[in-house]
Amino acid sequence: MMMVQDGCIQLLCLTASSGVPLFTRGASKQLPFSVIGSLNGVHMFGGGQGVLLSSCETEGGGKVVWRVFHDSVMLIAVSGGGSSGACSREEEIRLQRLLENVWHCMVLVLGQDELVNLRNVERLKRDLRSCFCLIDQLLEEKQQGVLGNLTHCADSLLPPNPTLLQEAVDGFAQAADSEFGCLFVHGKIAAATEKWWRLAPQEVVLLSALVRTLSASGSASCDYPVFLPQGSPTVAHRLLRFQLLPGADVCVLCGPTPSLHRAESELVGQLWSPLVETLRSCLSVGERSLPGSVPLRPDVLALLLINRETRRSVSCVQLSSYHLLSDHSLSKSRCWELLKLFYIFSMSRYFTHEETLCVSAEDGAQGGHTEDFLHGFSHQPQQCYLVTEECKSYGLQTPRHQLFLLMLPSVPTLALRTVATQTLSDITSATAF
């Protein structure tokens, strides 16, 4: 039977030892308590028999995925499936990554000790409410322009004047007694200090998601304690965030000093006021994430470009009157969805990646099974393509980059490789990304 509606995901969090529900998020209609108990019970029964139950499918085409972290917290994702067009394997990868992100989100906000050492369940339930806004953002499948939750690469915006912004971020971090500073434009990283990029890729992604959540609250500044899930899961740091202009935020990770008031009253105005016009030109880049100096062919619908060395990515959807007048017009949200699906398709079958899509054992979680599709190959594929009724997709991997393109169905299949290599060359030569 179908447990949730098509395209919806419901997230359940329980204590691993006793199955006490801690929270549920996601689909508007919550699962009955009897169903939650059954999902927990079947996992516990399998564990008692020496069987690890990681996922299953429902008769209605849905998917259920389990993950236990540190023998303390169990997370269960229930998907209605159906609407996205994803195959079972791709849907499982997406749900496994969601559970991994949610766990690290909880560590980011509460710290690992409070989650692993369950002393008071009722208190933990109350404390977990502070994670809900961030968890809901991770659950928002229709969130456009943000792919880092899936790729574990930092969603970036390439400004037209990167040198000025880089110098400003470095100077602001130094003035705030920190080595970790970052400038966000439209929720994406426009510039960051070297130490910020040295954080674990997933930490960079989750900090970006947290800054987007804090920015949406409407506050001009905040002082927020955070734990780094891999770098510092038990000792909190201070995240100071300041709104420079609507859509532009700067933040630093620091210790006890400086105070929020001093940083806001002295440092922000002194260092950022001279760069207001520079920030505005950066804001004008918008959802395209690429400066106007980068040409994109009109037959390109969407792209995702990953720098494998820095774990950064840029992505955009390009819908013009040229696309809307074509016989196969797609909505912006559908283009983002197809781009995600093609990324999962390529990474789970053909391309290598520095981070596995399932969390490793050292993270204290149950690891997933690896894709065995590649076992029959004697080489590593470097390119792949997919032709559907909606679009044509092409993936290209080099030692430094991975590029994923969606193109109009009218593009000749023999020309896909040429379009992809030209697009990669145009972006990298104009931006040195």
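Here the structure is shown first, and the text comes after it.
Computed from a predicted model, the values in this text were never measured in an experiment. Each residue is numbered by its place in its chain's sequence as written, counting from 1. Selection of residues for local features in this predicted model requires a pLDDT of at least 70, selection of side-chain atom pairs for listing and counting requires 80 or more, and totals for whole chains, interfaces and linings are taken over all residues. With hydrogens and water stripped out, all remaining heavy atoms of the structure feed into the side-chain values.

Enquirer: Looking at this structure, how should I read the packing of aromatic side chains?
Expert: The geometry of an aromatic ring pair is captured by two quantities: the separation of the ring centres and the angle between the planes. Under the pairing criterion, centres of Phe, Tyr and Trp rings, with the six-membered ring standing for Trp, must be within 6.5 Å; the plane angle then separates stacked pairs below 30 degrees from edge-to-face pairs above 60, leaving the rest tilted. Here the structure, examined in full by the defined rule, presents 10 aromatic pairs. Note on Phe-69 and Trp-103: the rings are 4.9 Å apart at their centroids and 10° apart in plane angle, and the pair reads as stacked. On the criterion of sequence distance, the pair formed by Phe-69 in strand 4 (residues 63–69) and Trp-103 in helix 2 (residues 88–110) is long-range, its members being 34 residues apart. Here the two residues Phe-69 and Trp-103 agree in accessibility, since each one is buried. Here the aromatic cluster, defined as three or more aromatic residues joined through ring pairs, consists of Phe-342, Tyr-343, Phe-345, Tyr-350, Phe-351 and Phe-404. Each ring is checked for a lysine NZ or an arginine CZ that lies within 6 Å of its centre and within 35 degrees of its normal; such an atom marks a charge sitting over the ring. Positioned over the ring face of Phe-132 is Arg-25, at 4.2 Å from the centre of the ring. Under the scheme used here, helices are H or I runs from DSSP no shorter than 4 residues and strands are E runs no shorter than 2 residues, and both carry numbers assigned from the N terminus. Relative accessibility thresholds used throughout: buried, under 20% of the residue-type maximum; exposed, over 50%; partly exposed, between the two (1.4 Å probe, protein chains only).

Enquirer: Would you mind showing me how to read the side chain of Ser-156 here?
Expert: Inspection of the secondary structure assignment puts Ser-156 in the loop between strand 6 (154–155) and helix 7 (162–175). A distance of 3.0 Å separates a polar atom in the side chain of Ser-156 from the backbone oxygen of Ala-154. Aside from chain neighbours lying at most four places away, what touches Ser-156 is Lys-188, Ile-189, Trp-197, Ser-289, Arg-312, Ser-313 and Val-314. What qualifies as a polar contact is a pair of N or O atoms within 3.5 Å, subject to a donor-acceptor requirement within protein and to the restriction that residues adjacent in sequence count only when both atoms come from side chains. We call two residues in contact whenever any of their non-hydrogen atoms come within 4.5 Å of each other.

Enquirer: Hey, could you run me through the nonpolar core in this one?
Expert: Nonpolar side chains in soluble globular proteins tend to be buried together. Nine residue types can take part in a nonpolar core, namely buried Ala, Val, Leu, Ile, Met, Phe, Trp, Tyr and Cys, and a core is a set of them joined through side-chain atoms within 4.5 Å. Counting 50 residues, the largest nonpolar core has Phe-23, Leu-75, Met-106, Leu-128, Ile-135 and Trp-196 as the members making the most contacts within it. Looking at which element gives the most residues to this core, the answer is helix 2, with 11 residues. Residues contacting Ile-135, with those up to four places away along its chain left out, are Leu-11, Phe-23, Arg-25, Val-102, Cys-105 and Met-106. Formed by 47 residues, the second largest nonpolar core is a distinct cluster that contains Leu-304, Leu-330, Leu-403 and Ile-427.

Enquirer: Whenever I open this one, the sheet that holds strand 11 (residues 248–254) confuses me. Can you help?
Expert: Sheets are built from strands paired through backbone hydrogen bonds, the pairs being either parallel or antiparallel. Only strands joined by at least two bridges in the DSSP assignment are considered to pair. Here we have five strands laid out as an open sheet, ordered 8-7-11-10-9, and antiparallel in their pairing. On the outer flanks of this sheet lie strand 8 (188–192) and strand 9 (221–228), each paired with one strand and no other. Strand-to-strand, the axes of this sheet are offset by a mean angle of 30°, without reference to chain direction. Bridge count between strand 10 (residues 232–245) and strand 11: seven bridges; the pairing is antiparallel. If you follow Leu-240 over to strand 11, its bridge partner there is Val-252. To get an axis, fit a line to the C-alpha atoms, keeping to the stretch in contact for a helix; angles then go from 0 to 180 degrees between the N-to-C directions. Along the sheet, helix 11 (residues 276–283) makes contact with strand 7 (180–185), strand 8, strand 10 and strand 11, crossing strand 10 at roughly 100°.

Enquirer: Can you walk me through the pattern of salt bridges in this structure?
Expert: Once their charged atoms are close, side chains differing in charge can pair, the charge on each being opposite to the other. We define a salt bridge as a side-chain nitrogen of Lys or Arg found within 4 Å of a carboxyl oxygen belonging to Asp or Glu. Going through the model one piece at a time under the given rule, you end up with 17 salt bridges. Salt-bridge contacts for Asp-223 lead to Arg-238; the nearest nitrogen and oxygen are separated by 2.6 Å. One end of the pair, Asp-223, is in strand 9; the other, Arg-238, is in strand 10, and 15 residues separate them in sequence. Take Asp-223: its relative accessible area is 34%, and that puts it in the partly exposed class. On the accessibility criterion, Arg-238 (15% relative accessible area) is buried. With a closest N to O distance of 3.1 Å, Arg-241 and Asp-249 form a salt bridge. Relative accessible area serves as the criterion here: at 5%, Asp-249 is assigned to the buried category. Salt bridges here are not isolated pairs; linked through shared partners, they connect Glu-57, Lys-63 and Glu-92.

Enquirer: Looking at this model, I keep getting lost on helix 5 (residues 132–139). Mind explaining?
Expert: Think of an α-helix as turning once every 3.6 residues; residues three or four places apart then point the same way. Of all eight residues that make up helix 5, six are buried, and the element is covered over most of its length. Taken together, the buried positions of helix 5 are occupied by Phe-132, Leu-134, Ile-135, Gln-137, Leu-138 and Leu-139.

Enquirer: Help me out: how do you make sense of the side chain of Ser-393 in this one?
Expert: Note on placement: Ser-393 falls in strand 15 (residues 392–397). By relative accessible area, which is 4% here, Ser-393 ends up buried. Non-local contacts of Ser-393, meaning those with residues more than four positions away in its chain, are made with Phe-342, Cys-384, Tyr-385, Leu-386, Leu-405 and Leu-406.

Enquirer: Mind showing me how you'd approach helix 11 here?
Expert: Of all the positions in helix 11, only Thr-278, Leu-279, Cys-282 and Leu-283 are classed as buried. Take helix 11 and look down its axis: the buried residues cluster within an arc of 140°, on one side only. Buried residues belonging to helix 11 abut helix 7, strand 7, strand 8, strand 10, strand 11 and helix 10 (260–272). Directions from the helix axis toward the C-beta atoms define the arc.

Enquirer: What is the right way to look at the pairing of strand 14 (residues 383–387) in this model?
Expert: Within a regular strand, side chains alternate between the sheet's two faces. Of the pairings in the sheet, the one linking strand 14 to strand 15 comprises five bridges and is antiparallel in character. Residue pairing in the sheet places Tyr-385 in a bridge with Tyr-394 of strand 15. From the end of strand 14 to the start of strand 15, which pair antiparallel, there are four residues.

Enquirer: Would you explain the environment of Leu-118 in this entry?
Expert: Checked against the element boundaries, Leu-118 lands in the loop between helix 3 (112–116) and helix 4 (121–128). Under the relative-accessibility criterion, Leu-118 is labelled partly exposed at 30%. When the C-alpha atoms of Leu-118 and Thr-15 are compared, they prove to be 8.6 Å apart, with 103 residues separating the residues in sequence. Once residues lying within four places of it in the same chain are set aside, the contact partners of Leu-118 are Thr-15, Ser-72 and Leu-124.

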